[in-house]
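Listed below are the residues making up each chain.
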Amino acid sequence: MLFGAILGLALLALGAGNPVLRASAQTSPSVTPLEVTEIAPGVFVHQGAYAVFTPSNRGDIANLSFVIGRDAVAVIDTGGSAAIGQALRAAIRAVTDKPIRYVINTHMHPDHLFGNVAFADDRPDFIGHHKLARALATRAERYLAINAELLGPEAFAGTRLIPPTRVVQDRLVIDLGERELMLEAQPTAHTDNDLTVHDSTTGTLFLGDLLFMRHIPALDGSIRGWMELINRLEQIPARRAVPGHGPPSAAWPEAIQPQKLYLQRISTEVRRMIKQGRSIAEAAATVGLSEKDAWLLFDEFNARNVTAAFAELEWE
Ligand SMILES: [Zn+2]
């Protein structure tokens, strides 16, 4: 009890000067709410760190959002662990008591959906691309093992996988009360299960990892598909986009131009090396180096992207 009181005081002290944190008295005192920014009326985004999973960041490396309508709340991506999901839930409860009816996952990667478990008691629809469940089923064991190792036992505690309970075949509109979100299952691009969310009320387009800013893109689907899809996404008349990794939001379609350039360079240089009969290892060591200074985490992802692009393009 005394410990709880001290912790509560500590949280109040932490929250001083931050209206979102200060409003958190109604949430469990043991969970510190994630910091969020209201990027448009009723649209909140938490910016994840530019990092890979570590015990200290607890898997808090992706942007996580929620949208509040008249009747209900929709969450878009839940973070890389149960702990981060709980902290996101606390941030939601700090600004609204409305029921959390929808938890949307933009794709299969652990940093976007291992926080789902924190919302299980809300009994929302867990919504994903129609290929998400299959993608997770084939990777679950590996994802759980890798995450347990990268996060360490403390941050990983309580983390389990919750697959979608409702799928998007093509398009799905969900109604939050005087506010509709349009969900669209995209063809294979960053992965084979990318889902976009458009809030037409504010002109906000949630792109998940179809859009990386500052954080180097990570290719796990099809480079050709991704480049084609970008040409279509650019036509969407949104005011702003929320990237999966990057600032909380940015002007659309300007936000995607650096990524477009990166993918074009990779594909052009890889095609050239294939034509010259060079090996995949040679390509991985040299392709894309002119982009090095444009991105964070370049060394963590570039060679892997080039390898994936090479494996795809050599069959053209
Ligand atoms: Zn991600």
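Note that this is a predicted model, so its numbers are computed, not measured. Sequence order as written defines residue numbering, which begins from 1 separately in each chain. This being a predicted model, a pLDDT of at least 70 is required before a residue's local features are given, and a value of 80 or more before pairs of side-chain atoms are given or counted; all residues contribute to the totals for chains, interfaces and linings.

Chemist: I'm lost on the overall build of the chain in this one. Help?
Modeler: Numbering of helices and strands starts at the N terminus; helices are DSSP runs of H or I of at least 4 residues and strands are runs of E of at least 2. Within the chain one finds 9 helices and 13 strands. Taken over C-alpha atoms, the radius of gyration is set against a globule rule of 2.2 Å times the number of residues to the power 0.38. In terms of overall size, the chain behaves like a compact globule, its C-alpha atoms giving a radius of gyration of 20 Å where 316 residues would be expected to give roughly 20 Å. Dimensions along the principal axes, computed over C-alpha positions, put the chain at roughly 70 × 40 × 35 Å. Here contacts are defined at the residue level, using C-beta atoms placed from the backbone and a cut-off of 7 Å between them. A fraction of 67% describes how many contacts in the chain between residues 6 or more apart in sequence connect residues 24 or more apart.

Chemist: Mind showing me how you'd approach the nonpolar core here?
Modeler: Buried together is how nonpolar side chains tend to be arranged in soluble globular proteins. Counting 77 residues, the largest nonpolar core has Phe66, Ala74, Val75 and Ile104 as the members making the most contacts within it. With 9 residues, helix H3 (residues 82-95) is the largest single contributor of residues to this core. Setting aside anything within four residues of it in sequence, one finds Phe66 in contact with Phe44, Val73, Ala74, Val75, Ile76 and Ile92. Under the definition applied here, buried Ala, Val, Leu, Ile, Met, Phe, Trp, Tyr and Cys residues are grouped into a nonpolar core through C-beta atoms within 7 Å. Neighbour density around each residue's C-beta defines its exposure: 20 or more other C-beta atoms within 10 Å make it buried, 12 or fewer make it exposed, and counts between make it partly exposed, where C-beta atoms are placed from the backbone.

Chemist: I would appreciate a short explanation of the packing of helix H6 (residues 223-233) against helix H7 (residues 257-275) in the present structure.
Modeler: Interaxial angles span 0 to 180 degrees and are taken between N-to-C directions of axes, which are lines fitted to C-alpha atoms, for helices over the stretch in contact. The N-to-C vectors of H6 and H7 enclose an angle of 145°; their axes lie 10 Å apart at closest approach. Viewed along their axes, H6 and H7 form a crossing whose handedness is left-handed. Every residue of H7 that contacts H6 at Ile223, Trp226, Met227 and Ile230 is listed here: Lys260, Leu263, Gln264, Ile266 and Ser267. Take the far helix as the reference: if the near one is turned anticlockwise from it by less than a right angle, the crossing is left-handed, and if turned clockwise, right-handed.

Chemist: Would you explain the pairing of strand E10 (residues 195-199) in this entry?
Modeler: In the case of a regular strand, side chains alternate between the two sheet surfaces. Within E10, 5 of the 5 residues are buried, which leaves it mostly tucked inside the rest of the structure. Of the two faces of E10, the one holding Leu195, Val197 and Asp199 and the one holding Thr196 and His198 are both buried throughout. Note: strand E9 (residues 180-185) against E10, 5 bridges, orientation antiparallel. Each bridged residue has a counterpart across the sheet, and for Ala185 the counterpart in E10 is Leu195. In the sheet, E10 pairs with strand E11 (residues 204-212) via 3 bridges, with the strands oriented antiparallel. When the bridges of E11 are listed, His198 appears paired with Leu205. Once E10 ends, the chain turns through 4 residues before running back antiparallel as E11, passing Gly203 with a positive phi of about 70°. By the convention used here, strands pair only if DSSP detects at least 2 bridges between them.

Chemist: Got a minute to help me understand the sheet that holds strand E3 (residues 64-68) in this structure?
Modeler: For sheets, the rule is that strands pair by backbone hydrogen bonds, running either parallel or antiparallel. Taken in spatial order, the 7 strands of this open sheet run E1-E2-E3-E4-E5-E6-E7, and their pairing is mixed. Looking along the sheet, the strands with just one partner apiece sit at the ends: strand E1 (37-40) and strand E7 (166-168). Strand-to-strand twist across the sheet, computed as the mean angle between neighbouring axes with direction ignored, equals 25°. Pairing between strand E6 (residues 125-129) and E7: 3 bridges, direction parallel. Within the sheet, the bridge partner assigned to Gly128 lies in E7 and is Val167. Packed on one face of the sheet, H3 meets strand E2 (43-46), E3, strand E4 (73-76) and strand E5 (100-104) and runs near 150° to E2.

Chemist: In this structure, what is going on with the sheet that holds E9? I would like to understand it.
Modeler: Spatially, E8-E9-E10-E11-E12-E13 is the arrangement adopted by the 6 strands of the open sheet, whose pairing is mixed. Pairing within the sheet leaves two strands with one partner each, and these edge strands are strand E8 (171-175) and strand E13 (250-251).

Chemist: I tried to follow unusual backbone geometry on my own but got confused; where do I start?
Modeler: It is generally the case that most residues other than glycine have a negative phi and that most peptide bonds are trans. The omega torsion of the bond from Trp252 to Pro253 falls at 5°, within 30 degrees of zero and hence cis. Along the chain, Pro253 turns up in the loop between E13 and H7. Positive phi, normally seen in glycine, also occurs at Arg123, with a value near 50°. Along the chain, Arg123 turns up in the loop between helix H4 (110-113) and E6. When the 11 C-beta atoms within 10 Å are taken as the criterion, Arg123 is described as exposed.

Chemist: What exactly am I supposed to notice about the confidence of the model for the chain here?
Modeler: Low pLDDT means the predicted atomic positions in that stretch should not be read closely. Note on scores: pLDDT gives the predictor's confidence for each residue, bounded by 0 and 100. Taken residue by residue, the chain gives an average pLDDT of 91. The fraction at 70 or more is 91%. Note on residues 1-27: pLDDT is under 50 here. Beyond four places in sequence and across chains, it has 29 contacts.

Chemist: In this structure, what is going on with H3? I would like to understand it.
Modeler: An α-helix turns once every 3.6 residues. As a result, residues three or four positions apart point the same way. Its 14 residues give H3 an end-to-end C-alpha distance of 20 Å, which sits within 8% of 20 Å, the value for a rise of 1.5 Å per residue. The element H3 is extensively covered by neighbouring structure, given that 12 of its 14 residues are classed as buried. Along H3, the positions that sit buried rather than exposed are Ala82, Ala83, Ile84, Gly85, Gln86, Ala87, Leu88, Arg89, Ala90, Ala91, Ile92 and Ala94. What a helix is expected to span follows from its residue count: subtract one and scale by 1.5 Å.

Chemist: Mind showing me how you'd approach the environment of Glu180 here?
Modeler: Looking at where Glu180 falls in the secondary structure, it is placed in strand E9. On the basis of neighbour counts, which here come to 14 C-beta atoms within 10 Å, the residue Glu180 falls in the partly exposed class. What Glu180 contacts, discounting residues up to four positions off in sequence, is Val173, Ile174, Asp175 and Ser200.

Chemist: Looking at this structure, I do not really get the pairing of E1. What am I missing?
Modeler: By the bridge criterion, 3 bridges tie E1 to E2 in an arrangement that is antiparallel. Bridging across to E2, Thr37 finds its partner in Val45. Two successive antiparallel strands, E1 and E2, enclose a turn made up of 2 residues, where Gly42 displays a positive phi of approximately 75°.

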